[in-house]
Amino acid sequence: MVFVGRCSSCDRPARGLCGSCREALDAPPLLDLAPDLDHVHGVFAYSDGGARLVRMLKFRNRRRALGPLVDALVATLPSGFDLIVPVPASPRHRRERGYDLPELLCRALSRRLDVPMRQALRRTDRGVQHARSRAERLETDGFVAVRGVAPTVLLVDDVATTGATARSCARALRAAGAGTVELCVLAVTPA
Ligand SMILES: [Zn+2]
């Protein structure tokens, strides 16, 4: 038998992601984040099999499934992006994980689509949380574009739940000059 590696989700012998774990992934629900995002592209629903797979990718460092998942993402995406931008990980999430999944996805997409990627966003909430009321904190709990932004941007994250983070990122990108901003994620949480 030729050793092909192990399934990222269940650890059985498979290339990246085994057939039954693939079948356990439900189609992503539609997420409408207009007018901030022009479109949301996802690969699977963040439920059961999808949630398990994301946990394994994020917290167990099971990266082998990334290849087939990036293939699936590329298949859903139109062409014509000028720039790929990751949603910045929060400092807490960076400590919890060994690595930054959105950034890893960005690098893979950048190679596959032949579009440059740039860490163009920065969180603006550092150091102000204790000084402000909850309402003020929510209003300022956002992002700012810190480097050059292109007309058509693909924003990348691992999971979209309410889409609030992506909206905030998209507004920062638009404020810096982006005209079209689309979001691509691995998983979309059902409402
Ligand atoms: Zn499996």
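You'll find the structure just up there.
Residues numbered from 1 in each chain as written. Predicted model: local features only at pLDDT ≥ 70, side-chain atom pairs only at ≥ 80, totals over all residues. Heavy atoms only, no water.

(A) Summary view of helix α3 (residues 66-76). By the burial criterion, the buried members of α3 are L66, L69, V70, L73 and V74. Seen along its axis, α3 keeps its buried residues to an arc of 140°; they face one direction. The inward-facing, buried residues of α3 abut β1 (39-45), α2 (49-59), α5 (101-113) and β6 (180-188). (Buried < 20%, exposed > 50% of the residue type's maximum accessible area, 1.4 Å probe, protein only. Helix = DSSP H or I, 4+ residues; strand = E, 2+ residues; numbered from the N terminus. Arc of directions from axis to C-beta. Contact = heavy atoms within 4.5 Å.)

(B) View of the coordination of the zinc ion. Protein coordination at the zinc ion: the donors are C7 (SG), C10 (SG), C18 (SG) and C21 (SG), at 2.3 Å from the metal. Coordination at the zinc ion comes from four donor atoms whose angles at the metal span 105 to 115°, giving a geometry best classed as tetrahedral. Going along the chain, you hit the donors of the zinc ion in the pattern C-x2-C-x7-C-x2-C. Here C21 lies in helix α1 (residues 19-23) and C10 lies in the segment before α1, a separation of 11 residues in the sequence. (Donors = N, O, S within 2.8 Å, 3.2 Å for Na, K, Ca; no water. Tetrahedral: all angles 85-135°; square planar, octahedral: opposite > 155°, others 65-115°.)

(C) Focus on the sheet that holds strand β5 (residues 152-160). As summarised here, the arrangement of the four strands in space is β1-β6-β5-β2, forming an open sheet in which the pairing is parallel. Whereas interior strands pair on both sides, the edge strands pair on one side only; in this sheet they are β1 and β2 (83-86). Averaged over all pairs of adjacent strands, the angle between strand axes in this sheet comes to 20°, irrespective of strand direction. In this structure, β5 lies alongside β6, joined through eight bridges in parallel fashion. In the strand pairing of β6, V159 is matched with A187. Contacts from α2 reach β1, β5 and β6 within the one sheet, and its direction differs from that of β1 by about 95°. Seen against the sheet, α5 touches β2, β5 and β6 and runs at an angle of roughly 140° to β5. (Pairing = 2+ DSSP bridges. Axes fitted to C-alpha atoms, helices over the stretch in contact; angles between N-to-C directions.)

(D) Here's a closer look at the pattern of salt bridges. Within this structure, the stated rule accounts for six salt bridges. Here R174 makes a salt bridge to D38, at a shortest N to O gap of 2.8 Å. Separated by 136 residues along the polypeptide, R174 in helix α7 (residues 164-175) and D38 in the loop between α1 and β1 bring together distant segments of the chain. For the salt bridge of K58 with D158, the shortest nitrogen-to-oxygen distance reads 3.5 Å. Pair noted here: K58 is in helix α2 and D158 is in strand β5, with a separation of 100 residues, a long-range link. Assessed through its relative accessible area of 14%, K58 is described here as buried. When salt bridges that share partners are traced, they join D36, R167 and R171 into one network. (Salt bridge = Lys/Arg side-chain N within 4 Å of Asp/Glu carboxyl O.)

(E) Highlighting the side chain of D157. Among the secondary structure elements, D157 is positioned in strand β5. With residues near it in sequence (within four places) discarded, D157 still touches V87, P102, L105, L183, C184, V185 and L186.

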